[in-house]
Amino acid sequence: MHILATGGTIAGSAPSPVDPGYDAGVLGFTALVDAVPGLRSVAALTGEQFSEVGSQDMSDQLWLKLAARVNGLFSADEADGIVITHGTDTAEETGFFLHLVVKSQRPVVLTGSMRPATALSADGPLNLFNAVSVAADPRAGGRGAIIAINDDLHSARDVTKSSTTDVQTFVSPDAGLVGTASYGRLRYFRYPTRPHTADSEFTVEGEVVLPRVDILYAHANMPADLVRASASLGARGIVIAGVGNGNVSSEVAQTLADVASDGVIVVRSSRVGSGDVGRNIEMDDDGLGLVASDQLNPQKSRVLLQLCLVRGLDRGLIQDAFYRY
Ligand code: ASP
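The model shown is predicted, which means the values in this text are computed figures rather than measured ones.

Undergrad: Could you give me a rundown of the pairing of strand β12 (residues 237-242), with the residues and numbers involved?
TA: Taking burial as the measure, the 6 residues of β12 include 6 buried ones, the bulk of the element. Burial of β12 is two-sided: the residues Gly-237, Val-239 and Ala-241 facing one way and the residues Ile-238, Ile-240 and Gly-242 facing the other way are all buried. Taken together, the 5 bridges between strand β11 (residues 213-217) and β12 define a ladder with parallel strand orientation. Paired with Asp-214 across the bridge in β12 is Ile-238.

Undergrad: Kindly report on helix α9 (residues 298-310), identifying the contributing residues and their values.
TA: Over its 13 residues, α9 extends 18 Å from the first C-alpha to the last, a length consistent with the 18 Å expected when each residue adds 1.5 Å. Burial of α9 is extensive: 11 of the 13 residues sit out of reach of the surface. Regarding α9, the residues found buried are Pro-298, Lys-300, Ser-301, Arg-302, Val-303, Leu-304, Leu-305, Gln-306, Leu-307, Cys-308 and Leu-309. The secondary structure elements touched by the buried residues of α9 are α3 (60-75), α4 (91-101), β11, β12, β13 (265-270) and α10 (315-324). One or two positions beyond α9, positive phi appears at Gly-312, with a value near 75°.

Undergrad: Before we move on, can you summarise the site of the ligand with the specific residues and values?
TA: As a structural note, the neighbourhood of the ligand is formed by Gly-8, Thr-9, Tyr-22, Gly-54, Ser-55, Gln-56, Gly-87, Thr-88, Asp-89 and Ser-113. Within the complex, the protein chains bury 93% of what would otherwise be the 260 Å² of accessible surface of the ligand. Of the residues belonging to the shell around the ligand, the class tally is 1 nonpolar, 8 polar and 1 charged.

Undergrad: Account for the pattern of salt bridges, naming residues and giving values.
TA: Tallying each qualifying case throughout the model produces 16 salt bridges. Here Asp-89 and Lys-161 are joined by a salt bridge, their closest N and O atoms 2.8 Å apart. Taken together, the residues span a long stretch of sequence, with Asp-89 in the loop between β3 (82-85) and α4 and Lys-161 in strand β7 (residues 160-161) at a distance of 72 residues. You can call Asp-89 partly exposed: its relative accessible area is 40%. A salt bridge links Asp-294 to Arg-194; its shortest N-O distance comes to 2.8 Å. Of the two residues, Asp-294 is situated in the loop between β14 (291-292) and α9 and Arg-194 in the loop between β10 (185-188) and β11; the sequence distance between them amounts to 100 residues.

Undergrad: An account of the side chain of Gln-319 is needed here, citing residue identities and associated values.
TA: Note on placement: Gln-319 falls in helix α10. The buried category is assigned to Gln-319, whose relative accessible area is 6%. Among residues more than four places away in sequence, those in contact with Gln-319 are Arg-279, Leu-290, Val-291 and Ala-292.

Undergrad: Just give me the short version of the packing of α3 against α4, but keep the residues and values in it.
TA: In the contact formed by α3 and α4, the axes pass within 10 Å of each other and the chain directions differ by 50°. Relative to α4, α3 is oriented oblique. By crossing handedness, the relation of α3 to α4 is classed as right-handed. Contact residues: α3 offers Trp-63, Leu-64, Leu-66, Ala-67 and Asn-71, while α4 offers Glu-93, Thr-94, Phe-97, Leu-98 and Val-101. The residue makeup of the contact of α3 with α4, split by class, is 7 nonpolar, 2 polar and 1 charged.

Undergrad: Which residues make up the packing of aromatic side chains, and what are the values?
TA: Under the definition given, this model contains 2 aromatic pairs. Here the aromatic rings of Trp-63 and Phe-97 are separated by 5.1 Å at their centres, their planes lie at 20°, and the arrangement is stacked. Of this pair, Trp-63 sits in helix α3 while Phe-97 is found in helix α4, placing the two residues 34 residues apart along the sequence. Relative accessible area serves as the criterion here: at 1%, Phe-97 is assigned to the buried category. Ring centres 5.0 Å apart and planes at 55° place the aromatic pair Phe-202 and Tyr-325 in the tilted group. With Phe-202 in the loop between β10 and β11 and Tyr-325 in the segment after α10, this residue pair connects regions lying 123 residues apart in the sequence.

Undergrad: Can you lay out the sheet that holds β13 for me, pointing to particular residues and giving the numbers?
TA: Taken in spatial order, the 4 strands of this open sheet run β11-β12-β13-β14, and their pairing is parallel. Looking along the sheet, the strands with just one partner apiece sit at the ends: β11 and β14. Against the sheet, α9 engages β11, β12 and β13, with an angle of about 160° to β12.

Undergrad: Can you break down the sheet that holds strand β6 (residues 152-155) residue by residue, with the values?
TA: Here 8 strands make up an open sheet; going across it, the order is β2-β1-β3-β4-β5-β6-β9-β10 and the pairing mixed. The outermost strands of the open sheet, each flanked by one partner alone, are β2 (46-53) and β10. Sheet twist, expressed as the mean angle between neighbouring strand axes with direction ignored, is 20°. Relative to the sheet, α3 contacts β1 (2-7), β2, β3 and β4 (108-111), its axis offset from that of β2 by approximately 175°. Contacts between α4 and the sheet are confined to β3, β4, β5 (145-149) and β6, with β4 contributing the most and set at about 175° to the helix.

Parameters at a glance
- Residues numbered from 1 in each chain as written.
- Predicted model: local features only at pLDDT ≥ 70, side-chain atom pairs only at ≥ 80, totals over all residues.
- Heavy atoms only, no water.
- Buried < 20%, exposed > 50% of the residue type's maximum accessible area, 1.4 Å probe, protein only.
- Helix = DSSP H or I, 4+ residues; strand = E, 2+ residues; numbered from the N terminus.
- Pairing = 2+ DSSP bridges.
- Expected span 1.5 Å × (residues − 1).
- Contact = heavy atoms within 4.5 Å.
- Near = heavy atom within 4 Å.
- Areas by Shrake-Rupley, 256 points an atom, 1.4 Å probe, with all protein chains shown as cover.
- Nonpolar A, V, L, I, M, F, W, Y, C, P; charged D, E, K, R; others polar.
- Salt bridge = Lys/Arg side-chain N within 4 Å of Asp/Glu carboxyl O.
- Axes fitted to C-alpha atoms, helices over the stretch in contact; angles between N-to-C directions.
- Parallel < 35°, antiparallel > 145°, perpendicular 65-115°, else oblique.
- Left-handed = near helix turned anticlockwise from the far one by under 90°.
- Phe/Tyr/Trp six-rings, centres within 6.5 Å; stacked < 30°, edge-to-face > 60°.

Written out as structure tokens, the structure is:
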């Protein structure tokens, strides 16, 4: 069982146990493991400091490096399961990326915490204990990337962060939990139904550069020139965090159609946080040349769109991918 420590609040340190301000990602891998009584008896542990970042600094480059490391550990048979300690802000995106590009059925488990390691009632140690228990459990295999946090096990595809501060922040709207973890005692409820990991068509092996895909947040009176700005700055894809069922104003819709006809792939997702975005509901996707995100939120739509563009899929196949993944 191998741990890749990337930083985040789980490795954060505050000036006092009740100080809300802290520095993320400053404690190393050894300090994280040593803070968890009994962890080394759950599984034979190896690990490394992969990065030391708050997850707001996660980048496409770090994702590619992380995917290569995870795939390398599995293909060299150096790990039965992998835990990634990660900031909570973008764990859902990193998790979904790995869910699509790791080529193994073995468990990949992300965890983090909402309180820094030095806080009164820090939540990191038990989260790490549960995450290691999951990664060491063969029953966790074949479920894609899992986020183990606050006693819940989520599919990386379905999970999202829902509160800026609450310890119970991760939810899987619509889909529900994959399982639960109680002091290392694990229960599973389901397998993700859509393809992932070894069954996914996406790979990032070799010299891959992820293309620029921007997310634009829709609102009343949204200026349409943001769409043009994004396209002219080199975005090959634009994800709209639309209002309601992925809607935008008529003016923005026309501008999206214009950039789509120039070859930019435009995906309509929603800022709402749950529910589907369907084709041709209130927006004429066929006429405007747009893609509907189906079930993915904007940040996950961005991940899937980047991988579709790496694969060279056209707009029709990208729409299929949004229905399939
Ligand atoms: N900003 C932090 C991060 O994502 C928050 C956390 O880890 O909870 O790294």
